[in-house]
Amino acid sequence: MKYLIDSGNIKAIEHISEFYPIEGVTTNPTLVSKEKTDFLPLIKKIRSIIGEDAALHVQTTAKTAEDILEEARGLKKAVGGQFYVKIPINEEGLKAASMIKAEGIGVTMTAIFTSQQALIAARAGADFVAPYVNRLDNINADGVGTVAEIAELFDIYSLDCKVLAASFKNVKQISETALAGAHCATISPELFRQAISHPMTDNAIEGFERDWKSVYGEKGVGDFLL
Ligand code: G3P
């Protein structure tokens, strides 16, 4: 499973992309609004941080297929690189997906809550579908189970569409999503940190430092290589 950053925060994106093996960034109107700044410079700044080869998924706000297509064209031109326009699934969105794919622009169909939505989105030409794991769990549905169903359907029908699981609130959801066969997960900067932190790891590192210092003092491995 590949990892993307689900954020519109420049500092957080800079930090996570410096230290973690990320494939790209996803945003949505809620995440962008949180930054309370000009939209286009923000998106361009994200592109400059992650580079042209990383995937940048940016959501449209238009309501009709024709307007969504216009926004997709504009975003692709402004943002460049490996770009995917995020479109919430509905009838206009599905129509837009086919039109946008015909122009060679990448499509991520988002706000996916059922495997049928995902299958129809894939048939419409979406490159990615984004099921919302935690929001499903919040309504006593099965977020990870839905991801597993979608992955299985794409496999049964040999579809190229990838599962880009989203909406996570804890590391267990991410872990189970990986086992369920999601191709990618987009997660918040906070969850990246939580995913690698473990008190036993901290304890092990402290032990290495203590033992080393007891023999070699302040010298590091590098000092012996000079
Ligand atoms: O990428 C979609 C995601 O941001 C939704 O997450 O936390 O608002 O449920 P959340």
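Residues numbered from 1 in each chain as written. Predicted model: local features only at pLDDT ≥ 70, side-chain atom pairs only at ≥ 80, totals over all residues. Heavy atoms only, no water.

### A word on the overall build of the protein chain
- Secondary structure summary: the protein chain contains eleven helices and eight strands in total.
- Dimensions of the protein chain, computed from the C-alpha atoms along their principal axes, are close to 70 × 40 × 30 Å.
- Taking all 226 residues of the protein chain together, 44% fall into the buried category.
- Across the protein chain, the fraction of contacts at a sequence separation of at least 24, relative to all contacts at a separation of at least 6, is 57%.
- Of the roughly 12,100 Å² of accessible surface on the protein chain, 53% is carried by carbon and sulfur atoms.
- The distance from the centre of the 23 positive side-chain charges to the centre of the 30 negative ones in the protein chain is 4 Å. (Helix = DSSP H or I, 4+ residues; strand = E, 2+ residues; numbered from the N terminus. Buried < 20%, exposed > 50% of the residue type's maximum accessible area, 1.4 Å probe, protein only. Contact = heavy atoms within 4.5 Å. Areas by Shrake-Rupley, 256 points an atom, 1.4 Å probe, with all protein chains shown as cover. Lys, Arg positive; Asp, Glu negative; His and termini not counted. Charge placed at Lys NZ, Arg CZ, Asp CG, Glu CD.)

### Side note on the packing of helix α6 (residues 115–123) against helix α8 (residues 143–156)
- Their axes nearest at 9 Å, the elements α6 and α8 cross at an angle of 35°. Between α6 and α8 lies a crossing whose hand is right-handed. Contacts from Ser115, Ala118, Leu119 and Ala122 of α6 reach α8 at Thr146, Glu149, Ile150, Leu153 and Phe154.
- By residue class, the composition of the contact of α6 with α8 is six nonpolar, two polar and one charged. (Axes fitted to C-alpha atoms, helices over the stretch in contact; angles between N-to-C directions. Left-handed = near helix turned anticlockwise from the far one by under 90°. Nonpolar A, V, L, I, M, F, W, Y, C, P; charged D, E, K, R; others polar.)

### Observations concerning the environment of Phe128
- Looking at the secondary structure, you find Phe128 in strand β6 (residues 128–131).
- In sequence terms Phe128 and Phe154 are 26 residues apart; their C-alpha atoms lie 11 Å from each other.
- When sequence neighbours within four positions are dropped, the list of residues in contact with Phe128 reads His57, Tyr84, Val107, Thr108, Met109, Cys161, Lys162, Leu164 and Cys184.

### Structural notes on the pairing of strand β7 (residues 162–165)
- In this sheet, β7 lies alongside β6 in parallel orientation, the contact comprising two bridges. Residue pairing across strands places Phe128 opposite Lys162, the latter belonging to β7.
- One ladder, built from two bridges, connects β7 with strand β8 (residues 184–187); its direction is parallel. Bridge pairing links Ala165 to Ala185 in β8. (Pairing = 2+ DSSP bridges.)

### A closer look at the site of the ligand
- For the ligand, the full set of nearby residues is Asp6, Asn28, Lys86, Tyr132, Arg135, Ala166, Ser167 and Lys169.
- At 2.7 Å from an oxygen atom of the ligand is found a side-chain nitrogen or oxygen belonging to Arg135.
- Take Lys169: an N or O atom from its side chain is 2.6 Å from an oxygen atom of the ligand.
- Protein chains bury 83% of the 310 Å² of accessible surface belonging to the ligand in isolation.
- Per-class residue counts for the shell around the ligand are two nonpolar, two polar and four charged. (Near = heavy atom within 4 Å. Polar contact = N/O pair within 3.5 Å; in protein donor to acceptor, adjacent residues only side chain to side chain.)

### As for the nonpolar core
- Within the largest apolar cluster, 59 residues are counted, with the highest numbers of intra-cluster contacts made by Ile46, Val85, Ile100, Met109, Val129 and Phe154.
- Residues contacting Ile100, with those up to four places away along its chain left out, are Ile68, Leu69, Ala72, Val85, Ile87, Ile105, Gly106 and Val107.
- Grouped together as the second largest cluster of nonpolar side chains are six residues, Ala55, Tyr84, Phe128 and Leu164 included. (Core = buried A, V, L, I, M, F, W, Y, C linked by side-chain atoms within 4.5 Å.)

### Thoughts on the domain arrangement of the protein chain
- Assigned domains of the protein chain: these are domain 1 (2–195) and domain 2 (199–226).
- Put simply, the middle of domain 1 and the middle of domain 2, counted by C-alpha atoms, are 41 Å apart. (Domains from an automatic or database assignment.)

### Here's the deal with the sheet that holds β7
- If you trace the eight strands once around the closed barrel, you get β1-β2-β3-β4-β5-β6-β7-β8, paired in parallel fashion. Averaged over all adjacent pairs, the angle separating strand axes in this sheet is 25°, with direction ignored.
- Inspection of the sheet shows strand β1 (residues 2–6) paired to β8 by four bridges, in the parallel sense. By the bridge assignment for β8, Leu4 is matched with Thr186.
- Contacting β4 (83–88) and β5 (106–112), helix α5 (residues 91–102) crosses the sheet at an angle of about 165° to β5.

### Some remarks on the state of the cysteines
- Scanning all chains against the criterion turns up zero disulfides.
- Considering cysteine sulfurs only, Cys184 is the nearest to Cys161, which forms no disulfide, with 10 Å between them.
- Given the relative accessible area of 4%, Cys161 is considered buried. (Disulfide = S-S within 2.5 Å.)

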